[in-house]
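Chain and residue survey
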Amino acid sequence: GKKSAEASVVSITAQVTYDIWAYGVIVYEAIAGVPLTPYACRGKRAMTSLEVGKIGCWDEQSVRKALKHIPDDKLARDLLK
């Protein structure tokens, strides 16, 4: 049977940095082969305000944690940093 799905739209002020961030997420997932957390909800649930607030705002520790999924390839790591 068919499954019903609910959707919600979160309205935030558009910024160029969000587009750059979204592109980076796609590149990361293509190289790593895994979703970039905390953005792994993939429409299964609404993003929390904390998740939305983190868009484009990562500290060095978060970057290091995400890079653990990237192969030991200097070019790939440099591209994502």
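Just so we're clear, the structure is a prediction, and the values are computed from it rather than from any experiment.

Let's talk about the overall build of the protein chain
- Counting secondary structure elements, the protein chain contains four helices and zero strands.
- Scanning the protein chain from its N terminus toward the C terminus, one meets helices and strands in the order α-α-α-α.
- Within the protein chain, the fraction of its 81 residues that count as buried is 17%.
- In the protein chain, 40% of the contacts between residues at least 6 apart in sequence involve partners at least 24 apart.
- For the protein chain, the exposed surface amounts to about 6600 Å²; the carbon and sulfur share of it is 57%.

Some details on the nonpolar core
- Judged by nonpolar contacts, Val25, Tyr28, Ala32, Leu36, Ala66, Leu67, Ile70 and Ala76 together constitute the single largest core of eight residues.
- In contact with Ala66, other than residues within four places in its own chain, are Tyr28, Leu36 and Trp58.

A look at the confidence of the model for the protein chain
- Of the residues in the protein chain, 79% have a pLDDT of 70 or more, and the chain-wide mean is 75.
- Helix H2 (residues 49–53) is the least confidently modelled element of the protein chain, averaging 73 in pLDDT, while helix H1 (residues 16–32) averages 83, the highest of any element.

Overview of H1
- Between its terminal C-alpha atoms H1 stretches 24 Å, which fits the 24 Å expected from 17 residues at 1.5 Å a residue.
- Immediately downstream of H1, the backbone of Gly33 shows phi near 80 degrees, a positive value.

Thoughts on the environment of His69
- Inspection of the secondary structure assignment puts His69 in the loop between helix H3 (60–67) and helix H4 (74–80).
- For His69, a relative accessible area of 39% translates into the label partly exposed.
- Here the alpha-carbon distance between His69 and Pro35, two residues 34 residues apart in the chain, equals 9.9 Å.
- When sequence neighbours within four positions are dropped, the list of residues in contact with His69 reads Tyr28, Ala32 and Val34.

Criteria and thresholds
Residues numbered from 1 in each chain as written. Predicted model: local features only at pLDDT ≥ 70, side-chain atom pairs only at ≥ 80, totals over all residues. Heavy atoms only, no water. Helix = DSSP H or I, 4+ residues; strand = E, 2+ residues; numbered from the N terminus. Buried < 20%, exposed > 50% of the residue type's maximum accessible area, 1.4 Å probe, protein only. Contact = heavy atoms within 4.5 Å. Areas by Shrake-Rupley, 256 points an atom, 1.4 Å probe, with all protein chains shown as cover. Core = buried A, V, L, I, M, F, W, Y, C linked by side-chain atoms within 4.5 Å. pLDDT = per-residue confidence, 0-100. Expected span 1.5 Å × (residues − 1).

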